[in-house]
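Each chain, letter by letter, is given below.
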Amino acid sequence: MGKLSTVFDQNQKWADNIKEKQPDFFKESAKGQSPNYLWIGCADSRVPPAQLTGLGPGDLFVHRNIANVVPHSDINIQSVVQYAVSVLKVRHVVVCGHYGCGGVTAAYEDNNLGLIDNWLANIEDVYRTHQDEIEGRPSEEEKLNRFCELNVREQVKKMCHSPFVQQAWKQGQALSVHGLIYDLETGLLNDLDIRIDSAEEAANLES
Ligand SMILES: [Zn+2]
């Protein structure tokens, strides 16, 4: 198993531990999934959705990318949203950013990094929209923190305007979209007080 021995060892312990508490867990899990949450998070290794929420296998449908962005042109994330919302009928969509996000910092610094610049353009759009508010903060750290928060807010807006989310609301499906941000220094999630339950509320978020 070479260099992956740690991964296999830990996996065996993890599976044994769950089976000890719930002998039929994996047999039941293999029958299907019915998660309550779609989680859109950053790919950062320090922000693991299941671990930081204490939720287990079957609870979270997850999509992660650099800086938790929700581009309408990204077929990957939109396919995830379609399946989670239209087929699995999750009850909550969580867009979770984090302070100290390398993707947000890279967008702020605006260096020439190659291919990733195309992805970072999604975040630079957020900066352009909120430049005055971000630059009004007194320190570099506070500017970046506010940028991370506003990125979550803008990605929530985009999520709310996904055709699959709009369709769900139109059909009367119960669905809430939330914006959260994770603090690497405390291990805690902060609620950004963004919770959208309908197309009307999504339209109000614009202002
Ligand atoms: Zn990040």
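Residues numbered from 1 in each chain as written. Predicted model: local features only at pLDDT ≥ 70, side-chain atom pairs only at ≥ 80, totals over all residues. Heavy atoms only, no water.

A.B. asks: Mind laying out the coordination of the zinc ion, listing which residues take part and the relevant values?
C.D. replies: All of the protein donors around the zinc ion are Cys42 (SG), His98 (NE2) and Cys101 (SG); their distances to the metal are 2.0 to 2.3 Å. Each donor residue of the zinc ion lies on the same chain, and together they follow the pattern C-x55-H-x2-C. Residue Cys42 is found in strand β1 (residues 37-42), and its partner Cys101 is found in the loop between β3 (92-98) and α5 (102-109); the two are separated by 59 residues along the sequence. Residue Cys42 shares its accessibility class with Cys101, and that shared class is buried. (Donors = N, O, S within 2.8 Å, 3.2 Å for Na, K, Ca; no water. Helix = DSSP H or I, 4+ residues; strand = E, 2+ residues; numbered from the N terminus. Buried < 20%, exposed > 50% of the residue type's maximum accessible area, 1.4 Å probe, protein only.)

A.B. asks: Explain the pattern of salt bridges to me, and be specific about the residues and the numbers.
C.D. replies: In total, this model carries nine salt bridges according to the counting rule given. Residues Arg195 and Asp197 are paired through a salt bridge, measuring 3.1 Å at the closest nitrogen-oxygen approach. Arg195 gets classed as partly exposed once you look at its relative accessible area, which sits at 46%. Taking the relative accessible area as the measure of exposure, Asp197 reaches 30% and is therefore partly exposed. Taken together, the shared-partner salt bridges connect Glu133, Arg137, Arg146 and Glu149 into one network. (Salt bridge = Lys/Arg side-chain N within 4 Å of Asp/Glu carboxyl O.)

A.B. asks: Describe the nonpolar core, with residues and values.
C.D. replies: Among the nonpolar cores identified, the biggest contains 27 residues, and Leu38, Val156, Val177 and Ile196 are the most heavily contacted of them. Mapped onto this core, the elements with two or more residues apiece are β1, α4 (75-87), β3, α7 (140-160), α8 (163-170) and β5 (188-196). A total of five residues in this core trace back to one element, the largest contributor, which is α4. Contact partners of Val177, with chain neighbours within four places excluded, come to Val93, Val156, Met159, Cys160, Val165, Trp169, Ile194, Arg195 and Ile196. In this structure, Cys42, Val104, Ile123 and Cys148 belong to the second largest nonpolar core, which totals 19 residues. (Core = buried A, V, L, I, M, F, W, Y, C linked by side-chain atoms within 4.5 Å. Contact = heavy atoms within 4.5 Å.)

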